Amino acid sequence: MVKFKLGGTFMLLVTEGKYKINQLGYNKKTSEYVYFHKGKEIWREKGDDSLLNYFNSLRESYSCINEEEIAKFPIYKKYEESCDEFERKETHLMADRLEPADNSMAIDKNTTRPMWLDIRIPANAAPGKYKGSLQADCDGTVLSIPFTLDVADKVLPPSAEWSFHLDLWQNPYAVARYFDVPLWSQQHFDKMRPLMERLAAAGQKVITCSVIQHPWNGQTYDPFESMIAKMKQVDGSWKYDYTVFDRWVEFMMSCGITEQIDCYTIVPWHYQFEYYDCATNTLKTLACHPGEQAYHDFLLPFLTDLAAHLKAKGWFEKTCISMDERPLDQLEEAWKVVKEADKDFRFEGAACFDVAPGSFGDRMYDLSIDYGHQIHQGADLERRLANGQVLTFYTCCGPARPNTFIYSKPAESVYLPWHAAAINYCGYLRWAYCSFPPQPVVDTRFGPWHCGDTFLTYPEGSSIRFERLTEGIQDYEKIRILRQTVSPAKMARFDKVLAKFSHNVMADDFDVDALVREGKAAAGGLRSVRRDGCPL
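This is a predicted model, so every value here is computed, not measured. (Residues numbered from 1 in each chain as written. Predicted model: local features only at pLDDT ≥ 70, side-chain atom pairs only at ≥ 80, totals over all residues. Heavy atoms only, no water.)

**Side note on the side chain of Thr 319**
Checked against the element boundaries, Thr 319 lands in strand S16 (residues 319-324). If sequence neighbours within four positions are ignored, Thr 319 has contacts with Ile 261, Cys 263, Leu 310 and Arg 346. (Helix = DSSP H or I, 4+ residues; strand = E, 2+ residues; numbered from the N terminus. Contact = heavy atoms within 4.5 Å.)

**A few points about helix H5 (residues 186-201)**
Because an α-helix packs 3.6 residues into every turn, residues spaced three or four apart end up facing the same way. Its 16 residues give H5 an end-to-end C-alpha distance of 22 Å, which sits within 8% of 22 Å, the value for a rise of 1.5 Å per residue. At Arg 193, H5 shows its strongest bend, of approximately 35°, with the proline Pro 194 following within four residues. Among the residues of H5, those classed as buried are His 188, Phe 189, Met 192, Leu 195, Met 196, Leu 199 and Ala 200. Elements in contact with the buried residues of H5: strand S9 (165-168), helix H4 (172-179), helix H6 (243-254) and helix H12 (464-485). Gly 203 lies just past H5 and shows a positive phi near 100°. (Expected span 1.5 Å × (residues − 1). Bend = angle between axes of the 7 residues up to and from the residue. Buried < 20%, exposed > 50% of the residue type's maximum accessible area, 1.4 Å probe, protein only.)

**Let's talk about a nonpolar patch on the surface**
On the surface, Met 105, Ile 107, Met 115, Leu 117 and Phe 147 cluster together into a nonpolar patch covering about 430 Å² of accessible area. Looking at the element boundaries, Phe 147 is found in strand S8 (residues 141-151). (Patch = residues over 30% accessible without salt bridge, like charges linked within 9 Å, V, L, I, M, F, W, Y side chains within 5 Å. Areas by Shrake-Rupley, 256 points an atom, 1.4 Å probe, with all protein chains shown as cover. Salt bridge = Lys/Arg side-chain N within 4 Å of Asp/Glu carboxyl O.)

**Description of the packing of H5 against H6**
Running from N to C, H5 and H6 point in directions that differ by 45°, and their axes come no closer than 10 Å. By the angle between their axes, H5 is oblique relative to H6. In this structure, the crossing between H5 and H6 has a hand that is right-handed. On H6, the residues touching Phe 189, Met 192, Arg 193 and Met 196 of H5 are Arg 247, Trp 248, Phe 251, Met 252 and Ser 254. A breakdown of the residues in the contact of H5 with H6 according to their chemical character gives six nonpolar, one polar and two charged. (Axes fitted to C-alpha atoms, helices over the stretch in contact; angles between N-to-C directions. Parallel < 35°, antiparallel > 145°, perpendicular 65-115°, else oblique. Left-handed = near helix turned anticlockwise from the far one by under 90°. Nonpolar A, V, L, I, M, F, W, Y, C, P; charged D, E, K, R; others polar.)

**Thoughts on empty space enclosed by the protein**
According to the stated counting rule, one finds four cavities of 30 Å³ or more in the structure shown. Looking at the largest cavity, its volume works out to about 70 Å³. Along the walls of the largest cavity sit Trp 169, His 214, Pro 215, Trp 216, Asn 217, Gly 218, Gln 219, Thr 220, Pro 223, Phe 224, Trp 431 and Ser 435, which together make up its complete lining. Residues belonging to the lining of the largest cavity are distributed by class as follows: six nonpolar, six polar and no charged. (1 Å grid on protein atoms, 1.4 Å probe; cavity = no way out; pocket = protein on both sides within 12 Å on 5 of 7 lines; lining within 4 Å. Points joined across faces, edges and corners; volume = space filled by probe spheres on them.)

**Overview of the sheet that holds strand S14 (residues 272-277)**
What the four strands build is an open sheet, ordered S12-S11-S14-S15; its pairing is mixed. Strands with a single pairing partner mark the edges of an open sheet, and in this sheet they are strand S12 (238-241) and strand S15 (282-287). For this sheet the average axis-to-axis angle between neighbouring strands, irrespective of direction, equals 35°. Note: strand S11 (residues 229-232) against S14, two bridges, orientation parallel. Within S14, the residue paired with Lys 232 across the bridge is Asp 277. (Pairing = 2+ DSSP bridges.)

As structure tokens, this is what we get:
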């Protein structure tokens, strides 16, 4: 039994492990958090009382915490139980969050701290070598670190013109909770804008919209609510309120994400649909499955009205009815209802489907397949591309490698777009751009997911993972530009190296850093293609 110890200058916040291997405490006298491993102090750091208040809120509900209950907390231990193939039994400090620095930063004696330089090259900068230096002044002792930037004569187009189909799902509900601002208020939109403009600058193409309550049955700390209210009238007819949906889409478009609107979903994981019943003045939930009459009767009027609203807004051609890893037989039944509502509705989804002619996958406008699934190449892929259809791949809580977890090698984020380029996929999908855990700047884990699995950026700053992913997307675009300008013979030599990125299995001991360096070297000058506002 582990109890919260109150009073005095030191508060033991929590203990992990049968033998109290890991302990976290707070020294109220010095305002320091202190972490112990096997009784030995590992680190201490000054901080405000936000984390202390978090544990105090737990204390209000628990007079004591036993080990089984600790295993349920998002901060401790759940990983090894749900994802035992990763064997992560201890916590570690990992470099990931990029916090903007002013002209100074504190470094303890006899320690090191890396610095991330973000150099943005104007599109009209003259080609050539640019020399500069980073000056470090420590109590009057100045260290000058020189660097040279080689600017080429090629220019990367603005991110809105990139062909790479980036689809990172956004969670506006997590942003409102983290900043403690009213949902859909002006403060909420102000807090979201830097996050979504950062996403747009990486080439994001898709706006994530939840059109039913909890489409994924709450697999994030902040579940997705419905952006469209559904109201059954006393006479049995239906009315729909698109106020939130419209504000969200318009806001995202103002941030620069304009190409596609994905509506999740009409085949939810829990097979439940919430609506407001005006006759009884209550919220009700309808439980039904695709193929049932109740499913048809509930969704047909909604989808018909949604199509009319989208056309009135000029958004219908951009919109997809979206699915996520649902059984094929259920999607076939859902397809019938969607096409009955409007024959021109498009389908999008993440699923490992065949794309042979006539298959369900072939009918989907936008299909994303799992990284480890059978690779789609040859005539089927060429046909989809010729028809203007989208084919991407995704990673989520798996595979172990490559991925974008906190402990993934940063080069794996670069590798992902190179993999897409090697196979000629259109882009990459990931299920969580900003589904933040309770305290993302303190602990990156949540529930059964791997640390960092639920978010790629931070509420007030980027991450190494996201910046390296953006780098890989820029490389994808540079490869596309080079194919238009470089001789076939030179591209054939490059393609032999690019083919090394096409495998859909990565061994634990695979040297992804070496492969990424080899790819960039083979492209020759790839890193020096520039874009206005593009970090190199």
